[in-house]
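In case you want the letters, here they are:
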Amino acid sequence: MSTQTTEPPRGTAAGTAGPAPAARARARRTERAKDWARRAPLLPALVFLVIVTQLPFVATVVISFTRWNALAPDNRGFAAFDNYRAVFTDPAMRSSVGTTVLLTVTVVLVSLLLGLGLALLLDRSFRGRGIVRTLLITPFLVVPVASALLWKHALYNASYGLLNGVLTWIWRLFGSDSPPQPDWMTDSPLAAVEVSLIWQWTPFMMLILLAGLQSRAGDAIEAARMDGASAFDVFRHLTLPHLRRYLELAALLGTVYVVQNFDAVFTITSGGLGTANLPYTIYQTFYQAHDYGRASAQGVVVVLCSLVVATFALRTVSSLLREEVTR
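Summarised in this report is the structure supplied together with it. As the structure is a prediction and not an experimental result, all values here were calculated from the model.

Digging into the overall build of the chain
Here's step 1: In terms of regular secondary structure, the chain is built from 15 helices and two strands.
Here's step 2: Here the C-alpha atoms of the chain give a radius of gyration of 30 Å, more than 25% beyond the 20 Å that 2.2 N^0.38 yields for 327 residues.
Here's step 3: Expressed along its principal axes, the backbone C-alpha trace of the chain runs to roughly 135 × 80 × 30 Å.
Here's step 4: For the chain, the residues scored as buried account for 32% of the 327 residues in total.
Here's step 5: Here the chain has roughly 20,300 Å² of accessible surface; of this, 66% comes from carbon and sulfur atoms.
Here's step 6: Positive and negative side-chain charges of the chain, numbering 28 and 20 respectively, have mean locations separated by a distance of 11 Å.

In structure tokens, the structure reads:
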């Protein structure tokens, strides 16, 4: 008897076991090549970003564990966590933390409220709205040092500043020759810094909230007005809930930037009279005390605290983007 061999039919596991994995491997290689082709143009920017930002931060972390003071060059070595213990037990550091918190909370809350009011006004249609919007944005475009110098010399100066000039003019209208001439930077130093920062950051808050107002659903507002809802009811039940994410985003981003502010404190008060915040305290430790190890530890602590706030800001941005995509 002759034996007859049968070939496996096409399409069975035996017939397709060989070419299928090879095809999948080729598809994966092709997909990886496409991914790298899309990412390749970003690699130079990524490398530059790592060199400019991450390597200096790594160096700062390393220096924060060393005992390094330029005034005592012979006493240099590994300090372990001594610099960090000094940071958390230093009275000047604790005072600067309180000043930073007070300065940040005041500036962010006041600029947020003013920005909300201006955004509500600019959300309406009126003649010259584009010009008004441009003028209101201008303070945010001014260089921070120039803004601080403007407030210090043109507005706060006790001899020729605009504020005391207005007081003199008002008092002379009523026949008085002895108007009050307060020294704003000496009498209220922290308030002087806060007002200059509020003037600078209110346009930033206004832009974010104005973008939120212009993304509202117009049909819901029109329906509420047709049902007899007042302007306050529309704002309370429709506008404010819609702006919650934008308010959170503006507050978080403003907090990140105001915590790191150095220009206004350095220019207006030079950190005196209880206005030294965290960046200025680090500046004093590094450039005046020449304690590079402790200054690096202070910088690392401030960066880590800022990263916590920035993480919440990024989550808020991600949630806003997801909401926009799902609409």
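Quick look at helix 3 (residues 43–64)
Every α-helix carries 3.6 residues per turn, so stepping three or four residues along brings you back to the same face.
Here's step 1: Helix length check: helix 3 (22 residues) gives 30 Å between terminal C-alpha atoms against 32 Å at 1.5 Å per residue, within 8%.
Here's step 2: At Val 50, helix 3 shows its maximal bend, which comes to roughly 35 degrees.

Here's the deal with the nonpolar core
Nonpolar side chains tend toward joint burial in soluble globular proteins.
Here's step 1: Counting residues in each nonpolar core, the largest one holds 37 residues, and the members touching the most others are Leu 103, Val 193, Leu 197 and Leu 209.
Here's step 2: Of all the elements in the fold, those that place two or more residues in this core are helix 5 (91–122), helix 7 (144–155), helix 10 (189–213), helix 12 (231–259) and helix 13 (263–269).
Here's step 3: The residues touching Leu 209, leaving out its near neighbours within four places in the chain, are Leu 112, Gly 115, Leu 116, Ala 119, Leu 243, Tyr 246 and Leu 247.
Here's step 4: Of all hydrophobic cores here, the second largest spans 10 residues; its members include Met 93, Leu 278, Ala 295 and Ala 297.

Points about unusual backbone geometry
Here's step 1: Phi is positive for Ser 270, close to 55 degrees, though the residue is something other than glycine.
Here's step 2: Relative to the helices and strands, Ser 270 resides in the loop between helix 13 and helix 14 (278–288).
Here's step 3: Look at His 290: it is not a glycine, yet its phi comes out positive at around 55 degrees.

Considerations on the packing of aromatic side chains
For any pair of aromatic rings, geometry is given as the distance between the ring centres together with the angle between the planes.
Here's step 1: On inspection of all chains with the given rule, the structure shows 20 aromatic pairs.
Here's step 2: Their ring planes at 20 degrees and their centres at 5.2 Å tell us that Phe 262 and Phe 266 sit as a pair that is stacked.
Here's step 3: Note on Phe 266: relative accessible area 35%, which makes it partly exposed.
Here's step 4: Arranged with centres 6.0 Å apart and planes meeting at 20 degrees, the rings of Phe 262 and Tyr 280 form a pair that is stacked. In this pair, Phe 262 sits in the loop between helix 12 and helix 13 while Tyr 280 sits in helix 14, placing the two residues 18 residues apart along the sequence.
Here's step 5: Since its relative accessible area comes to 24%, Phe 262 is described here as partly exposed.
Here's step 6: Using a relative accessible area of 4% as the deciding quantity, one classes Tyr 280 as buried.
Here's step 7: An aromatic cluster is defined as three or more aromatic residues linked by ring pairs; in this entry it consists of Trp 68, Phe 262, Phe 266, Tyr 280, Tyr 283, Phe 286, Tyr 287 and Tyr 292.
Here's step 8: Over the face of the ring belonging to Trp 68 we find Arg 76, whose NZ or CZ atom lies 4.1 Å from the ring centre.

A closer look at the environment of Ala 220
Here's step 1: Tracing the backbone shows Ala 220 in helix 11 (residues 218–226).
Here's step 2: Distance from Ala 220 to Val 234, taken between C-alpha atoms, is 9.5 Å for residues 14 residues apart in sequence.

Brief notes about the environment of Ser 270
Here's step 1: Relative accessible area serves as the criterion here: at 42%, Ser 270 is assigned to the partly exposed category.
Here's step 2: Separated by 10 residues in sequence, Ser 270 and Tyr 280 have C-alpha atoms that sit 8.4 Å apart.
Here's step 3: In this structure Ser 270 touches Val 265 and Tyr 280, once residues within four positions along its chain are discounted.

Some remarks on the side chain of Asn 277
Here's step 1: Its place among the elements puts Asn 277 in the loop between helix 13 and helix 14.
Here's step 2: Leave out the neighbours within four places in its chain, and Asn 277 touches Ser 96, Thr 100, Leu 103, Val 259, Asn 261 and Val 265.

Some thoughts on helix 10
Here's step 1: If you check helix 10, its first and last C-alpha atoms are 36 Å apart, about what 25 residues at 1.5 Å a residue would give, namely 36 Å.
Here's step 2: In helix 10, a bend of some 35 degrees at Trp 201 exceeds every other bend along the element, and Pro 203, a proline, comes one to four places later.
Here's step 3: With respect to burial, helix 10 is a largely interior element, 20 of its 25 residues being buried.

Some remarks on the pattern of salt bridges
Pairing is possible between side chains of opposite charge, provided their charged atoms come close.
Here's step 1: In this structure the tally under the stated criterion is three salt bridges.
Here's step 2: With a shortest N-O distance of 2.2 Å, Arg 85 and Asp 82 are connected by a salt bridge. You can see Arg 85 and its partner Asp 82 sitting in helix 4 (residues 82–89), three residues apart, about one turn around the helix.
Here's step 3: Of the residues examined, Asp 82 reaches a relative accessible area of 40% and is grouped as partly exposed.

A word on a positive patch on the surface
Here's step 1: A cluster of basic residues, Arg 24, Arg 26, Arg 28, Arg 29 and Arg 32, forms a positive patch at the surface.
Here's step 2: Structurally, Arg 29 is set in helix 2 (residues 19–39).
Here's step 3: The exposure class of Arg 29 is partly exposed, given its relative accessible area of 48%.

Definitions and limits used
- Residues numbered from 1 in each chain as written.
- Predicted model: local features only at pLDDT ≥ 70, side-chain atom pairs only at ≥ 80, totals over all residues.
- Heavy atoms only, no water.
- Helix = DSSP H or I, 4+ residues; strand = E, 2+ residues; numbered from the N terminus.
- Rg over C-alpha atoms; globule rule 2.2 N^0.38 Å.
- Buried < 20%, exposed > 50% of the residue type's maximum accessible area, 1.4 Å probe, protein only.
- Areas by Shrake-Rupley, 256 points an atom, 1.4 Å probe, with all protein chains shown as cover.
- Lys, Arg positive; Asp, Glu negative; His and termini not counted.
- Charge placed at Lys NZ, Arg CZ, Asp CG, Glu CD.
- Expected span 1.5 Å × (residues − 1).
- Bend = angle between axes of the 7 residues up to and from the residue.
- Core = buried A, V, L, I, M, F, W, Y, C linked by side-chain atoms within 4.5 Å.
- Contact = heavy atoms within 4.5 Å.
- Phe/Tyr/Trp six-rings, centres within 6.5 Å; stacked < 30°, edge-to-face > 60°.
- Lys NZ or Arg CZ within 6 Å of the ring centre and 35° of its normal.
- Salt bridge = Lys/Arg side-chain N within 4 Å of Asp/Glu carboxyl O.
- Patch = residues over 30% accessible without salt bridge, like charges linked within 9 Å, V, L, I, M, F, W, Y side chains within 5 Å.

Any link to function would need more than the numbers given here.
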